[in-house]
Amino acid sequence: MQRRHFLRSAAVIGAAACLPPALSRAAPSSRFSLLYAASAAPGTPFVPFATADCAACGAEALRVCVDGLHAAGESPVLADFTLTALFDTLEGGRVPFLAWQAAGDNRHRTRFVAPRAGMRGFELTYRPAGAAADVRETLALTRAEARVLMPGHYLIASPRRDGSAVDTHGLVHSGDPLRPLAGPGDFDYLALRMEAVA
């Protein structure tokens, strides 16, 4: 029953997928950066999701592939990390789904199917290295001009070790979906892909 609440018709998805940029509104600030690349072709730039072009897609659902957490060069920035997908219901409620959790070498992969018009974002629960308490924040996966999930390649980049935001200028896809950045930086990142479900 609840699954039906998540799904919308393809007509609604098509109409809402790309609206004029003038309707955009600012997302809540986050210490993490959500970056987007339209493809895995080597050299494709990762850009802030908030400014990424709207990707055309007629599918009602996407397969979300979480490909693992990659640590900063010297040592991990994060001591613990949990990713929870947030789904909206027609009644205005929100249903959480545990999508990925740090364990072992953090390269384990998970997959799940998300209705494009039902999943709106992620909740991040994390603990910086050396900290005693967990922190929670949310990342939006939709915006005014892109009201449903977009297929493509995503990075959820942690802040730097000093807490400052990552300089995302010049980051490009390596061509390897499992390790989308060619080398380690000074931040941790979680690699994700969203693909149309046939």
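Residues numbered from 1 in each chain as written. Predicted model: local features only at pLDDT ≥ 70, side-chain atom pairs only at ≥ 80, totals over all residues. Heavy atoms only, no water.

Asks: Hey, could you run me through the overall build of the protein in this one?
Replies: A count of helices and strands for the protein gives two helices and ten strands. A buried classification covers 44% of the 198 residues belonging to the protein. Taking all contacts inside the protein whose residues are at least 6 apart in sequence as the whole, residues at least 24 apart take part in 74%. Total accessible area on the protein is roughly 9700 Å²; 55% of this is exposed by carbon and sulfur atoms. (Helix = DSSP H or I, 4+ residues; strand = E, 2+ residues; numbered from the N terminus. Buried < 20%, exposed > 50% of the residue type's maximum accessible area, 1.4 Å probe, protein only. Contact = heavy atoms within 4.5 Å. Areas by Shrake-Rupley, 256 points an atom, 1.4 Å probe, with all protein chains shown as cover.)

Asks: Which parts of the structure should I look at to understand the confidence of the model for the protein?
Replies: Parts of the model with low pLDDT should not have their predicted coordinates read in detail. Scored by pLDDT, the protein has a mean of 82; 85% of the residues are at 70 or more. Confidence scores differ between elements of the protein, with helix α2 (residues 10-16) showing the lowest mean pLDDT of 37 and strand β9 (residues 152-157) the highest of 96. Ignoring residues within four places in sequence, the model shows residues 1-28, a span with pLDDT below 50, making 40 contacts including any to other chains. (pLDDT = per-residue confidence, 0-100.)

Asks: What am I meant to see in the nonpolar core here?
Replies: For soluble globular proteins, the rule of thumb is that nonpolar side chains tend to be buried together. Among the nonpolar cores identified, the biggest contains 37 residues, and F81, L83, F112, F122 and I156 are the most heavily contacted of them. Every element with two or more residues in this core is listed here: β1 (33-37), β3 (61-70), β4 (78-88), β5 (94-101), β6 (110-115), β7 (119-128), β9 and β10 (189-196). Broken down by element, the residue count for this core peaks at five residues, all from β4. Residues within four places of F122 in sequence aside, it is in contact with L83, T84, A85, L86, F112, E137, T138, L139, L141, I156, L192 and M194. Within the second largest apolar cluster, eleven residues are counted, among which are A37, L171, L181 and A191. (Core = buried A, V, L, I, M, F, W, Y, C linked by side-chain atoms within 4.5 Å.)

Asks: It is not clear to me how the sheet that holds β5 should be interpreted in this structure. Could you clarify?
Replies: Pairing between the strands of a sheet is mediated by backbone hydrogen bonds and can be parallel or antiparallel. Strands sit in the order β5-β4-β7-β8 across an open sheet of four strands; the sheet is antiparallel. Edge positions in the sheet fall to β5 and β8 (135-140), since each has one partner strand and no second. Here the strands of the sheet are splayed against their neighbours by 25° on average, with no regard to which way each runs. Bridge count for β7 against β8 is six bridges, and the pairing is antiparallel. For E123, the partnering residue across the bridge sits in β8 and is T138. (Pairing = 2+ DSSP bridges. Axes fitted to C-alpha atoms, helices over the stretch in contact; angles between N-to-C directions.)

Asks: Just to check I follow, could you spell out the packing of aromatic side chains for this structure?
Replies: Think of a pair of aromatic rings as described by two things: how far the centres are apart, and how the planes are tilted against each other in angle. Counted by the stated rule, this structure contains seven aromatic pairs. Relative to Y154, the ring of Y36 lies with its centre 5.1 Å away and its plane at 65°, an arrangement referred to as edge-to-face. Here the residue Y36 occupies a position in strand β1, and Y154 occupies one in strand β9, the gap between them amounting to 118 residues. In terms of burial, Y36 and Y154 fall into one category: buried. Taken together, a centroid distance of 5.1 Å and an interplanar angle of 55° make the contact between F97 and F112 tilted. Remark: F112 occurs in strand β6 and F97 occurs in strand β5; sequence separation between them is 15 residues. Ring-pair connections join several aromatic residues into one group, and the members of that group are F32, F81, W100 and Y126. A cation over a ring is seen here: R143 above F49, with NZ or CZ 4.8 Å from the ring centre. (Phe/Tyr/Trp six-rings, centres within 6.5 Å; stacked < 30°, edge-to-face > 60°. Lys NZ or Arg CZ within 6 Å of the ring centre and 35° of its normal.)

Asks: What's the story with the side chain of D88 in this structure? I'm lost.
Replies: Structurally, D88 can be placed in strand β4. Residue class for D88 comes out buried when judged on its relative accessible area of 18%. A polar contact is formed between the side chain of D88 and the side chain of R94, at a distance of 3.3 Å. (Polar contact = N/O pair within 3.5 Å; in protein donor to acceptor, adjacent residues only side chain to side chain.)

Asks: How do you make sense of the sheet that holds β1 when you look at a structure like this?
Replies: Read from one edge of the open sheet, six strands run β2-β1-β9-β10-β3-β6, paired in antiparallel fashion. The open sheet has two edge strands, β2 (47-48) and β6, and neither has a second partner. Pairing analysis gives eight bridges linking β3 to β10, with the strands arranged antiparallel. Bridge pairing in β10 places L69 opposite L190.

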